[in-house]
Every structure is written in C-alpha cells, then in structure tokens.
Amino acid sequence: MQESVATTISRKDKAAARAERRRLAAMRGRRRLRMDDVTVVDESALKKAVWGSVVGNFMEWYDVGVYGYLAVILGRVFLPDASGTIQNLFSLGVFAVTFVARPLGGIILGQLGDRLGRKQVLAFTLLMMAAATFLIGILPTYGMIGALAPALLIVLKLAQGFSTGGEYAGATTFITEYAPDKRRGFYSSLLDLGSYLGFAAGAGFVGALQVMTSEGFMYSWGWRIPFLVSLPLCMVALWFRTHIEDTPAFVEAQAAAQEEQDGNGATTPVTRLGDVEDAIIATENGPLGLGALVKTYWRELGIVFVLVAAANTIAYALTSYMPTYLTTTLGYDAVHGNLLTLPVLVVLALLVPVSGWLGDRIGRRHVAVMAALAGVLTAVPAFLLMGHGQVWSTVLGLLLLVVPVFLWVGNQSSSLPAMFPTHSRYGGMGISYNLAVAAFGGTAGLIMEALVASTGDRLAPAYWIIAVELLGLLAATQLRESARQPLLGSMPTVASEDEAQELVAQQEENPDLDVEELFATAPVSVIAQEPSAQEAAVEVSVAEQAEQDAREALRRAEAATAEARRAEELARAREEAVQV
C-alpha cells in the first residue's frame with residue numbers, strides 16, 4: 001500500500017522486517033473484537049459534525065442555485081453584444097469552467113485533508129467559496145470595463161471551483177467517519193438535504209427578487225443582491241464549522257502516525273525489533289501520495305468516477321440546466337421558468353434522506369442500481385411531459401426526474417467514501433468525485449443545450465442522460481457493499497455502550513460483520529496486541545479444529561494413495577499374466 005519500508009529499515013534488519021511482517025500478518029487472523037476496539041459515537045459531537053457539514057454544503061449549493069437561476073441575465077450583462085444563443089452558451093460555459101478547477105482543488109485539498117485534518121480544510125473551502133461569491137456581487141459589468149468583466153467572472157468561478165473541489169469530498173468523509181455504522185446512510189444523506197435546500201434557497205431568493213422587482217432593476221444591479229448575501233451566510237456557517245472536532249477515525253490514525261514519528265521510527269536507522277514494528281506501522285498508517293493512491297486504488301477510483309458521472313449528469317440537468325431549458329427551449333418567461341422548478345427542488349431535498357435510510361436497510365448497491373434504472377426509464381417520459389407545454393405537465397416531468405436524482409445523491413454520500421480506507425479517504429474522494437463532476441456534472445447543461453441547438457430535438461438531453469445512466473448501472477453492480485458495516489480500515493462504530501456490548505458478544509453470528517476481513521484491513525496498531533485469555537482460548541479452539549480437519553484430510557489422502565498403489569499392483573499383475 002505504502003512506499004517500501006526498506007527505505008526506513010537498514011539492510012541488516014531486512015530479515016527482521018520480513019519476520020515482523022509475517023508475525024503481524026498472523027495476528028490479523030487471530031483476533032476477536034474487544035470492547036476497546038469499538039467506537040461509541042458521542043451524540044453531541046455527532047450533531048455538531050452534521051450541522052457543521054450541512055451548513056457548508058448549503059452555502060456551496062446556494063451559490064450554484066443563484067448562478068443557475070441568473071444564468072440568462074448574467075449572459076446578457078457580461079456579453080451584451082452577442083446573440084441570445086451565444087449569451088446562453090457563455091453563461092453555461094462559465095458555469096462549466098468552474099468545474100475545470102474542481103479536480104485540482106480535489107487533489108490538493110484532499111491530500112491536505114488526509115494530512116492536516118478534515119476540519120481545517122473544510123473551514124478553508126467555506127471561506128474561499130464565500131469570498132469568491134461576494135466578489136462576483138461587486139464585479140464591474142461589460143459596460144464598465146469591457147472584455148475584462150467576463151474574464152474576471154471566469155477567474156472568480158475558477159476560485160469557487162477550486163474550493164468546491166475540497167468541500168463535498170471532505171464533508172462526506174467527515175460525516176461517514178462520525179456516523180454509527182447502522183445509520184451512516186441516513187446521517188450522510190443529511191449533507192445532500194442541506195445541498196438542495198441551499199440550491200432552493202438561492203433559486204427562491206432570485207425568484208422572489210424577480211417577482212417583486214422590475215426586469216430593468218434585475219439587469220441593472222438587482223442581480224448582485226443574491227451574491228452579496230453570501231457573506232453573512234458564510235459567517236453563520238463558519239461559526240458552525242469552528243465548533244466541531246475532527247473525526248475519531250482521523251484522530252486515531254493521526255495519533256498513531258505521530259507517535260511513530262515522535263519515536264523516530266520512520267526516520268532513523270532501525271536497530272531493534274521494536275523499531276522494525278514501529279517503522280512498519282508508520283508506513284501503513286500514513287496517507288498515500290497521489291501516485292501511490294492511483295496505483296493502489298485505481299479500480300475503486302474508476303467505479304466512483306462512473307457512479308458520480310451518472311448521478312451528477314441527471315442531477316445537474318434537473319437543478320442547473322432546467323431554468324435555461326424551460327426558458328430558451330420551451331418558451332417560458334424567466335420568472336416562471338425559475339419558479340416552476342422551485343417546489344420540485346424542495347420535494348427533492350426532503351426525499352434525499354429517504355434514500356440514505358433505504359440504503360441502511362436494503363444495501364447501498366441495491367439503491368444505486370435502482371437509481372440508474374430509474375434514470376434510464378424516466379428520462380424520455382420526463383422531457384415529453386415538459387415538452388407538452390402545460391404547467392401541470394412541466395411540473396410532472398420535473399418530478400419524474402426527481403426519482404433517480406434523490407436515489408443517487410442520498411445514497412452516494414455514504415457509499416462512495418466507504419470505498420477507501422481512512423488514511424486516503426479524503427484524497428480518494430477528492431480525485432474521483434471531482435474529475436467526474438467536472439467531466440459530466442459541470443458540462444451537463446452546456447452539452448444538453450448544445451445538443452438541442454445542433455439537432456433541434458427537444459428530447460436530445462434525455463438521450464444523453466440515458467447513455468450515462470447505462471454506464472452508471474454497470475458501475476453500480478461493482479459497488480462495494482458497506483451498509484451497516486465498519487468503514488474500510490476502521491473498527492466498528494456504534495451509537496451506545498449497550499450496542500457495543502451486544503456487537504462484541506454476538507460478533508460471530510452478526511451477518512453484517514466479517515471479523516476476519518475487519519482485521520485483514522485494520523491498521524497494524526490495532527491488531528499488534530497480545531490476545532486476552534478469552535481470545536487465546538478461542539484461537540486454540542479454532543486451531544484445534546483446523547488441525548483436526550488437516551488430519552482428516554491427510555487420512556483421506558493416505559487412503560487414496562494406498563488405493564492407487566493397490567490398483568497399480570493389480571494392473572502390473574494382469575499385464576505379467578498376459579505376457580506369460
């Protein structure tokens with residue numbers, strides 16, 4: 001997993017290192033869960049973690065909602081001399097440019113999050129997002145500074161994209177590491193509840209301004225107000241973020257790595273067996289670099305990429321692209337085009353936790369498959385209903401798209417981080433999630449609008465959605481099932497002491513707990529302990545049974561060998577008799 005420990009261990013101690021690795025490998029198969037292996041979640045800390053994550057995502061998606069619902073106005077403000085089609089493509093293109101910076105932000109901030117802590121990086125992403133949003137609100141227009149205006153808009157959107165690259169990956173990592181195993185899906189889905197409520201808040205604010213003010217006011221400086229409001233919202237969100245603690249999983253991993261560093265186990269020549277063990281623990285507990293992360297988890301990164309692509313293609317079609325589609329393609333005026341999607345967004349936000357709850361009960365993989373199938377089956381009917389031209393049919397078509405979106409987003413916040421171990425979870429999510437969102441989510445509106453413009457077919461967006469959802473269906477079948485199970489590389493997390501006692505007492509009968517796999521992926525610092533008397537007795541029992549099975553297998557093998565020899569002797573005797 002990590003770089004070779006040979007760089008740490010001197011040549012004369014390589015034999016000791018090999019022996020120590022064999023010893024630790026043997027210990028991975030001979031432990032039972034103890035009470036001190038199980039993390040009991042502090043309810044107060046969990047609530048703070050949930051709120052701290054939710055408000056940050058609320059802020060991120062507030063900006064997405066504001067920009068999406070002002071896209072038509074911004075196109076005319078920052079590119080006034082272009083045609084309507086070019087203005088729409090410009091505003092959607094600027095939105096897509098935001099996602100160009102997301103992979104870079106995901107890589108850099110993800111690596112920092114695995115090294116410095118989730119909390120510090122999440123506070124930084126929130127401040128950077130709010131600052132860029134506020135600056136857009138005071139940005140001079142094309143009429144003031146000419147071509148520099150759209151250029152500055154692109155720069156600020158790139159800054160937002162960089163910060164957003166670390167926001168969702170960090171927030172999902174944070175929640176999944178805090179939540180108890182049995183309810184991880186539900187608690188993680190609250191993150192996306194905040195996201196879509198933030199989007200609805202941004203969209204609702206823009207819609208209210210459009211209803212209460214004139215079109216001229218919105219084009220003059222009314223469009224600035226929603227962006228300026230982001231600053232006080234950020235202060236509230238930042239207060240929540242500064243009152244949370246880093247996750248128990250990260251703190252434990254960091255403490256183990258720091259202990260070895262303080263003991264010079266990872267930086268000085270090894271002269272004792274204990275130092276050999278320390279060096280091995282230090283390399284296995286630390287975060288992976290970018291190259292090692294891709295090399296080690298390329299399959300997981302690929303699965304997450306496709307799943308995120310499928311989820312965000314249809315999610316961004318419903319959220320960011322619909323105002324433009326309803327206005328430019330279906331002929332609604334800007335106010336009604338925006339307001340028609342607002343109640344749909346609220347319904348979506350309220351349904352998202354249902355998906356997380358469902359994943360906790362029937363499994364994350366099943367929910368992902370349901371989401372992909374729903375996307376394939378609802379895309380064409382949804383766009384046909386919207387194209388019917390009536391308000392009721394448009395709303396019904398939007399509600400059809402809600403089904404695959406809520407199934408996708410409410411499930412992925414818990415299923416995707418579970419694909420990676422603690423020491424590289426933030427980094428793994430930062431790379432795969434943001435690359436997929438950049439390639440498919442941020443460009444969803446631009447691609448769909450271009451397809452409509454080039455083909456003249458109002459159903460072109462539906463065909464694009466179906467193609468990506470089919471890829472998502474394939475990836476969903478390969479998703480690692482993590483419902484009610486500990487995170488990869490972590491010990492079980494429960495909600496109470498009673499649940500911990502029950503888990504330890506019934507660990508052999510628990511269908512959701514594979515103790516052998518648990519210790520096979522656990523940090524070395526967890527399994528490198530002497531067994532208790534009870535554990536040793538269980539291990540003796542297991543070893544005796546294995547010995548008995550081996551003896552029985554040997555007896556059968558010996559009997560088979562003897563039978564084969566007798567058959568050989570009889571065959572030789574028959575051949576000799578024929579020759580005589």
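Keep in mind that this is a model prediction, so the values were computed, not measured.

J.: Looking at this structure, how should I read the overall build of the protein?
T.: Summing up its helical and strand segments, the protein has 26 helices and 2 strands in all. The 580 residues of the protein split such that 53% are buried. Summarising the internal contacts of the protein: among those between residues at least 6 apart in sequence, 85% fall at separations of at least 24. Accessible surface for the protein amounts to roughly 24200 Å². Of this, 64% is attributable to carbon and sulfur atoms.

J.: Please clarify how the packing of aromatic side chains should be interpreted in this entry.
T.: Both the distance between ring centres and the angle between the ring planes are used here to describe each pair of aromatic rings. Across all of its chains, the model carries 7 aromatic pairs by this definition. When the ring of Phe78 is compared with that of Trp223, the centres are 5.7 Å apart and the planes differ by 75 degrees; the resulting orientation is edge-to-face. Placement of the pair is Phe78 in helix H3 (residues 71–78) and Trp223 in the loop between helix H10 (215–222) and helix H11 (224–228), with a sequence separation of 145 residues. Overall, the relative accessible area of 0% leaves Phe78 in the buried class.

J.: I tried to follow the environment of Ala317 on my own but got confused; where do I start?
T.: Residue placement: Ala317 occurs in helix H16 (residues 298–329). You can call Ala317 buried: its relative accessible area is 0%. Along the backbone, Ala317 and Pro461 are 144 residues apart, and their C-alpha atoms lie at a distance of 8.3 Å. Not counting residues within four places of it along the chain, the set of residues in contact with Ala317 comprises Asn312, Met322, Met448 and Ile465.

J.: Looking at this structure, I do not really get the nonpolar core. What am I missing?
T.: In this structure, Leu70, Phe78, Tyr196, Leu318, Phe383 and Trp408 are the most contacted members of the largest nonpolar core, which totals 116 residues. When residues in this core are grouped by element, the largest group, 17 residues, is from H16. Leaving out residues up to four positions away in the same chain, Trp408 has contacts with Leu307, Ala310, Ala311, Ile314, Ala368, Ala371, Ala372, Glu469 and Gly472. Core analysis: the second largest hydrophobic core is formed by 11 residues, Leu33, Val494, Leu503 and Phe519 among them.

J.: Would you mind showing me how to read unusual backbone geometry here?
T.: Most peptide bonds take the trans configuration, and most residues that are not glycine carry a negative phi. Located in the positive-phi region is Arg484, a residue other than glycine, with phi close to 65 degrees. Mapped onto the fold, Arg484 is located in the loop between helix H22 (460–476) and strand E2 (493–494).

J.: It is not clear to me how helix H9 (residues 184–212) should be interpreted in this structure. Could you clarify?
T.: The periodicity of an α-helix, 3.6 residues per turn, causes residues three or four places apart in sequence to face the same way. Across its 29 residues, H9 extends 42 Å between first and last C-alpha, which sits within 8% of the 42 Å expected from 1.5 Å per residue. Of all 29 residues in H9, 21 are buried, a share of seventy percent or more.

J.: When you look at helix H8 (residues 148–178) in this model, what are you seeing that I'm missing?
T.: With 31 residues, H8 extends 45 Å between its outermost C-alpha atoms, agreeing within 8% with the 45 Å of an ideal straight helix rising 1.5 Å per residue. Taken as a whole, H8 carries its principal kink of about 25 degrees at Ser163. Most of H8 is tucked away, with 24 of its 31 residues classed as buried.

J.: Just checking my understanding: could you explain the confidence of the model for the protein for this structure?
T.: For any part of a model where pLDDT is low, the fine detail of the predicted coordinates should not be relied upon. Summary statistics for the protein give a mean pLDDT of 79 and a share of 80% for residues scoring 70 or more. The model gives residues 1–9 a pLDDT under 50, and that stretch makes 28 contacts with residues more than four places away or in other chains. This stretch, residues 259–274, has a pLDDT under 50; its non-local contacts, to residues over four places away or in other chains, come to 22 contacts.

J.: Explain the environment of Trp221 here, please?
T.: Mapped onto the fold, Trp221 is located in helix H10. On the basis of relative accessibility, which here comes to 48%, the residue Trp221 falls in the partly exposed class. Separated by 144 residues in the primary sequence, Trp221 and Val77 have C-alpha atoms spaced 9.9 Å apart.

J.: How do you make sense of the pattern of salt bridges when you look at a structure like this?
T.: Pairs can form between side chains of opposite charge whenever their charged atoms are close. Applying the stated rule across the entire model yields 10 salt bridges. For the salt bridge of Arg184 with Asp181, the shortest nitrogen-to-oxygen distance reads 2.4 Å. As far as burial versus exposure is concerned, Arg184 and Asp181 are alike and both buried. In this structure, the salt-bridge partner of Glu552 is Arg556, at a minimum N-O distance of 3.3 Å. Residue Glu552 and its partner Arg556 are both found in helix H26 (residues 533–579); the two are separated by 4 residues, about one turn of the helix. With relative accessibility at 32%, the residue Glu552 sits in the partly exposed group.

J.: Can you help me understand the side chain of Asp360 in this one?
T.: Looking at the secondary structure, you find Asp360 in helix H17 (residues 334–362). Overall, Asp360 belongs to the buried group, its relative accessible area being 3%. Of the polar contacts made by the side chain of Asp360, one reaches the backbone nitrogen of Gly185; its length is 2.8 Å. Excluding residues that lie within four positions of it along the chain, Asp360 makes contacts with Lys182, Arg183, Arg184, Gly185, Phe186, Ala483 and Arg484.

J.: Which parts of the structure should I look at to understand the packing of helix H18 (residues 364–387) against H22?
T.: A packed helix pair is summarised by two numbers, namely the angle formed by the two axes and the spacing between the axes. At a minimum axis distance of 9 Å, the contact between H18 and H22 shows a crossing angle of 165 degrees. On the basis of their axis angle, the class for H18 and H22 is roughly antiparallel. Handedness of the H18/H22 crossing: left-handed. In this structure, H18 contributes Arg365, Ala368, Val369, Ala371, Ala372, Leu373, Gly375, Val376, Ala379, Val380 and Phe383 to the contact, and H22 contributes Pro461, Ala462, Tyr463, Ile465, Ile466, Glu469, Leu470, Gly472, Leu473 and Ala476. Broken down by class, the residue content of the contact of H18 with H22 amounts to 17 nonpolar, 2 polar and 2 charged.

J.: Sorry if this is basic, but what is going on with a nonpolar patch on the surface here?
T.: Together, Met144, Ile145, Leu148 and Leu152 line one region of the surface with nonpolar side chains, adding up to about 360 Å² of accessible area. Tracing the backbone through its elements, the reader meets Ile145 in helix H7 (residues 142–145). Residue classification places Ile145 among the partly exposed positions, given a relative accessible area of 33%.

J.: Can you walk me through the side chain of Asn411 in this structure?
T.: Its place among the elements puts Asn411 in helix H19 (residues 391–415). Here the side chain of Asn411 touches Arg364 through a polar contact of 3.1 Å, landing on its backbone oxygen. In this view, Asn411 contacts Ser355, Gly359, Arg364, Val367 and Ala368; residues no more than four positions away in its chain are not counted.

J.: Just to check I follow, could you spell out the packing of H18 against H19 for this structure?
T.: In the contact formed by H18 and H19, the axes pass within 8 Å of each other and the chain directions differ by 160 degrees. As summarised for this structure, H18 and H19 are arranged roughly antiparallel, according to the angle between their axes. Between H18 and H19 lies a crossing whose hand is left-handed.

Reading guide: rules and limits
Residues numbered from 1 in each chain as written. Predicted model: local features only at pLDDT ≥ 70, side-chain atom pairs only at ≥ 80, totals over all residues. Heavy atoms only, no water. Helix = DSSP H or I, 4+ residues; strand = E, 2+ residues; numbered from the N terminus. Buried < 20%, exposed > 50% of the residue type's maximum accessible area, 1.4 Å probe, protein only. Contact = heavy atoms within 4.5 Å. Areas by Shrake-Rupley, 256 points an atom, 1.4 Å probe, with all protein chains shown as cover. Phe/Tyr/Trp six-rings, centres within 6.5 Å; stacked < 30°, edge-to-face > 60°. Core = buried A, V, L, I, M, F, W, Y, C linked by side-chain atoms within 4.5 Å. Expected span 1.5 Å × (residues − 1). Bend = angle between axes of the 7 residues up to and from the residue. pLDDT = per-residue confidence, 0-100. Salt bridge = Lys/Arg side-chain N within 4 Å of Asp/Glu carboxyl O. Polar contact = N/O pair within 3.5 Å; in protein donor to acceptor, adjacent residues only side chain to side chain. Axes fitted to C-alpha atoms, helices over the stretch in contact; angles between N-to-C directions. Parallel < 35°, antiparallel > 145°, perpendicular 65-115°, else oblique. Left-handed = near helix turned anticlockwise from the far one by under 90°. Nonpolar A, V, L, I, M, F, W, Y, C, P; charged D, E, K, R; others polar. Patch = residues over 30% accessible without salt bridge, like charges linked within 9 Å, V, L, I, M, F, W, Y side chains within 5 Å.

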